[in-house]
Amino acid sequence: MTKAGETPMAESRYSASSELDELLRNAELRDELEPYYDESISRVSVQRLPLAVENEYLASMLAWETAPIVPIFRWFEPELRPPRPSALNDADLHEILWDLIYKLYEKRIVLDFTDHLSDRELYTLIYRHILPAREKKIDARTGFLHWDCASVGGDPEVWLRYYASEEERQAWAETYRQPLPPAEIPAYPRAMPGEPA
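Below is a summary of the structure that appears in this document. Within each chain, residue numbers correspond to sequence positions counted from 1 in written order. Given that the model is predicted, a residue must reach a pLDDT of at least 70 before its local features are reported, and side-chain atom pairs must reach 80 or more before they are shown or counted; all residues, however, enter totals for whole chains, interfaces and linings. Each side-chain value is worked out from all heavy atoms of the structure, with water and hydrogens disregarded.

## So, helix 7 (residues 166-176)
(1) Moving on: Among all positions in helix 7, only Arg169, Trp172 and Ala173 are buried. Buried residues along helix 7 cover an arc of 100 degrees about the axis, so they all sit on one side. Residues of helix 7 that are exposed and point over 90 degrees away from its buried face: Glu167, Glu174 and Thr175.
(2) Moving on: Whether two residues are in contact is decided by their heavy atoms, any of which lying within 4.5 Å being enough. Think of it this way: any DSSP run of H or I at least four residues long counts as a helix, any run of E at least two long counts as a strand, and we number them from the N terminus. For helix 7, the elements touching its buried residues are helix 6 (157-162).
(3) Moving on: Among the residues trailing helix 7, Arg177 stands out with phi positive, at a value near 50 degrees. Throughout, exposure labels follow a simple rule: accessible area from a 1.4 Å probe, protein chains only, divided by the maximum for the residue type, with under 20% read as buried, over 50% as exposed, and the rest as partly exposed. For this quantity, the arc is that covered by the directions from the helix axis to the C-beta atoms.

Following this line, the structure appears as structure tokens:
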């Protein structure tokens, strides 16, 4: 019989066994990460993180380091090869576009800043820029890959025109000393799937 405040022996044995498993897993992960060793791994310390959390972090680093870099269309089985934009009428394009958006979301890819693009423009962007983009394919991805649809060409004007707050616009103008485009409301608002809050 266990007195108040005492840990039952079975629970104590389970706890010690669990901690031993975590220590062994930690050594295993560090061995596997050795070829990729740099200061980001050496900064992980048992004193700073609980061992289980450290192991999750190391496992995510290992997944990142060993993930293949492949075009996004190859993340799918079968490969995601939608029709060329020019081959679709507007109704079919709209339907296939939303199918693509949800398929990308299933692979934890979120499309940000799309409201300035028509359906055809967004479909074309996905077809020409997103699906052929070479990214790390992490099967156990826990986070989301955010695709900034406002800066595909590297020009900040779209973001400044449609998405930046007034404070962000003013900060940009002060930093770069260039004129700002007029602020406008995007013409194609959409309820896109996004990363859960």
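## Focus: the pairing of strand 4 (residues 145-148)
(1) Moving on: Here strand 4 shows a buried face lined by Leu145 and Trp147 and an unburied face lined by His146 and Asp148.
(2) Moving on: Each pair of strands is called paired provided DSSP finds at least two bridges between the two strands. Sheet analysis places strand 2 (residues 109-112) next to strand 4, joined by four bridges and oriented parallel. The partner of Val110 across the bridge, within strand 4, is His146.

## Regarding the packing of helix 4 (residues 90-106) against helix 5 (residues 119-130)
(1) Moving on: The N-to-C vectors of helix 4 and helix 5 enclose an angle of 50 degrees; their axes lie 9 Å apart at closest approach. By the angle class used here, helix 4 and helix 5 are oblique. Between helix 4 and helix 5 lies a crossing whose hand is left-handed. Two secondary-structure elements touch here, helix 4 through Asp90, Leu93, His94, Ile96, Leu97, Leu100, Ile101 and Leu104 and helix 5 through Asp119, Arg120, Leu122, Tyr123, Ile126 and Ile130.
(2) Moving on: Throughout, the ten residues Ala, Val, Leu, Ile, Met, Phe, Trp, Tyr, Cys and Pro are labelled nonpolar, Asp, Glu, Lys and Arg are labelled charged, and all others, Gly among them, are labelled polar. Of the residues in the contact of helix 4 with helix 5, the class split is ten nonpolar, one polar and three charged. Comment: axis = line fitted to C-alpha atoms, over the contacting stretch for helices; angle = value between 0 and 180 degrees taken between N-to-C directions. Should an angle lie under 35 degrees it is considered roughly parallel, over 145 roughly antiparallel, and from 65 to 115 roughly perpendicular; all remaining angles are considered oblique. The sense of a crossing depends on the near helix, which, turned anticlockwise from the far helix by less than a right angle, makes the crossing left-handed and, turned clockwise, makes it right-handed.

## Focus on the pattern of salt bridges
It is possible for side chains of opposite charge to pair when their charged atoms get near one another.
(1) Moving on: Should a side-chain nitrogen of Lys or Arg be within 4 Å of a carboxyl oxygen of Asp or Glu, the pair is scored as a salt bridge. Under the defined criterion, the tally for this structure stands at eight salt bridges.
(2) Moving on: The salt bridge partner of Arg169 is Glu166, with a shortest N-O separation of 3.4 Å. Remark: Glu166 and Arg169 occur in helix 7; sequence separation between them is three residues, near one turn of the helix.
(3) Moving on: Each member of the salt-bridge network shares a partner with another, and the members are Arg74, Glu79 and Arg81.

## Focus on the nonpolar core
(1) Moving on: Nonpolar cores are built from buried Ala, Val, Leu, Ile, Met, Phe, Trp, Tyr and Cys residues. Side-chain atoms within 4.5 Å join them into one set. Ranked by size, the top nonpolar core spans 27 residues in total, and within it Ile72, Leu104, Leu111 and Ile126 carry the most contacts.
(2) Moving on: Looking at this core, the elements with two or more residues in it are helix 4, strand 2, helix 5 and strand 4.
(3) Moving on: Per element, the largest residue contribution to this core is six residues, and it comes from helix 4.
(4) Moving on: Excluding anything up to four places from it in sequence, Ile126 contacts Leu97, Leu100, Ile101, Leu104, Leu111, Leu131 and Pro132.

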